[in-house]
Amino acid sequence: MPFDIDCVRNRLPGRQIYYYESIGSTMQEAARLAAQGCTSGTSVIANEQTAGQGRHGHHWYSERDSGLYVSIVLRPGLPAESFPALTLALGLATAETISRAMDLRCDLRWPNDVLLRDKKVAGILVQLLENGAVAGIGINVNHGHFPSELESEATSLRIESGRAYSREDLLTCLLPAVDSFSKMLAEAGKQAVLDMFSRHCSYAQGRRVRVRQSGGEIEGTTAGLDASGFLILKKDDGGQSLIVTGGVRPA
Ligand code: BTN
């Protein structure tokens, strides 16, 4: 079904929303608008991305008419040390939006993969700007299937529930949720976000995982988040590693 952007604009008056039927990636367009001085909350939505970007240089599968592909310019006025927690706050906003739309609860996989029944249903990419960030959020909404190389890892709201969802309803819920979690971070501070994230993320504590890093793969048991929001990993040799970035997977 085509995306009804006017419906979203009518429900969120005052927000700058740019819409593209097809675009390379919403990230570049949002960064371009940010460089021109657009207001915080300005959002770029696409019905299809031909060069969708994932974390660590991966491609984000962005089938037309099926997913929600959005980049939001954020200027939350945070100190630099709070930016890792912004990533976690965006995961919470996305998980809350999905959980409100359906009966199933989402899990979070540090730092910000959103999971339904252990498969990835949404991903978040944060690009830092001089005075803010671009938050890129991709939600697999009505995909009926995925290319074979993604099938074992990816899912959609429709695959998990057997019914289609309104992307307009999801977006109308997602943008205010992003505002309110960014505000929580700015006003209540990063510890409030870290505590909430730890409660919603089954990977934060006591989980056997392997972590892909530039120097190879390490394995261990997760042992909570540090004060910045990085993942603490207890290794089998008794040592401890702080995971700052990298793909975390069940061991
Ligand atoms: C991840 O690898 O998990 C992050 C995926 C982020 C995808 C979204 S879709 C909207 C925005 N535009 C992009 O090109 N990427 C992000």
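Whatever comes next refers back to the structure up there.
Residues numbered from 1 in each chain as written. Predicted model: local features only at pLDDT ≥ 70, side-chain atom pairs only at ≥ 80, totals over all residues. Heavy atoms only, no water.

Take the packing of aromatic side chains next. Considering all chains together, one arrives at 2 aromatic pairs under this definition. A ring pair is formed by Phe3 and Tyr19, whose centres lie 5.7 Å apart and whose planes are at 15 degrees; its orientation type is stacked. Placement of Phe3 in the segment before helix H1 (5-11) and of Tyr19 in strand S1 (residues 17-20) is noted, with a sequence separation of 16 residues between them. Here Phe3 falls in the buried class, since its relative accessible area comes to 8%. Stacked on the ring of Tyr165, the Lys or Arg Arg163 has its end atom at 3.9 Å from the ring centre. Note that Arg207 overlies the ring of Tyr203, its terminal NZ or CZ placed 4.0 Å from the centroid. (Phe/Tyr/Trp six-rings, centres within 6.5 Å; stacked < 30°, edge-to-face > 60°. Helix = DSSP H or I, 4+ residues; strand = E, 2+ residues; numbered from the N terminus. Buried < 20%, exposed > 50% of the residue type's maximum accessible area, 1.4 Å probe, protein only. Lys NZ or Arg CZ within 6 Å of the ring centre and 35° of its normal.)

The next thing to look at is helix H6 (residues 190-200). Considered for burial, the residues of H6 that qualify are Val193, Leu194, Met196 and Phe197. All buried residues of H6 fall inside an arc of 165 degrees around its axis, so they share one side. Among the structural elements, helix H3 (83-101), strand S4 (107-109), helix H5 (167-188) and strand S9 (216-225) are those in contact with the buried residues of H6. (Arc of directions from axis to C-beta. Contact = heavy atoms within 4.5 Å.)

To continue, consider the pattern of salt bridges. Per the counting criterion, the structure on display carries 15 salt bridges. Linking Arg208 and Glu219 is a salt bridge whose minimum nitrogen-to-oxygen distance equals 3.1 Å. Taken together, the positions of Arg208 in strand S8 (residues 205-213) and Glu219 in strand S9 put the pair 11 residues apart, joining distant regions of the chain. A residue is classified by how much of its surface remains accessible, and Arg208, at 35% relative accessible area, is partly exposed. Taking relative accessible area as the criterion, Glu219 reaches 40% and is therefore assigned partly exposed. With its nearest N and O atoms 3.5 Å apart, the salt bridge here joins Arg210 to Glu217. Here Glu217 falls in the partly exposed class, since its relative accessible area comes to 45%. The network of salt bridges with shared partners includes Glu21, Glu48 and Arg64. (Salt bridge = Lys/Arg side-chain N within 4 Å of Asp/Glu carboxyl O.)

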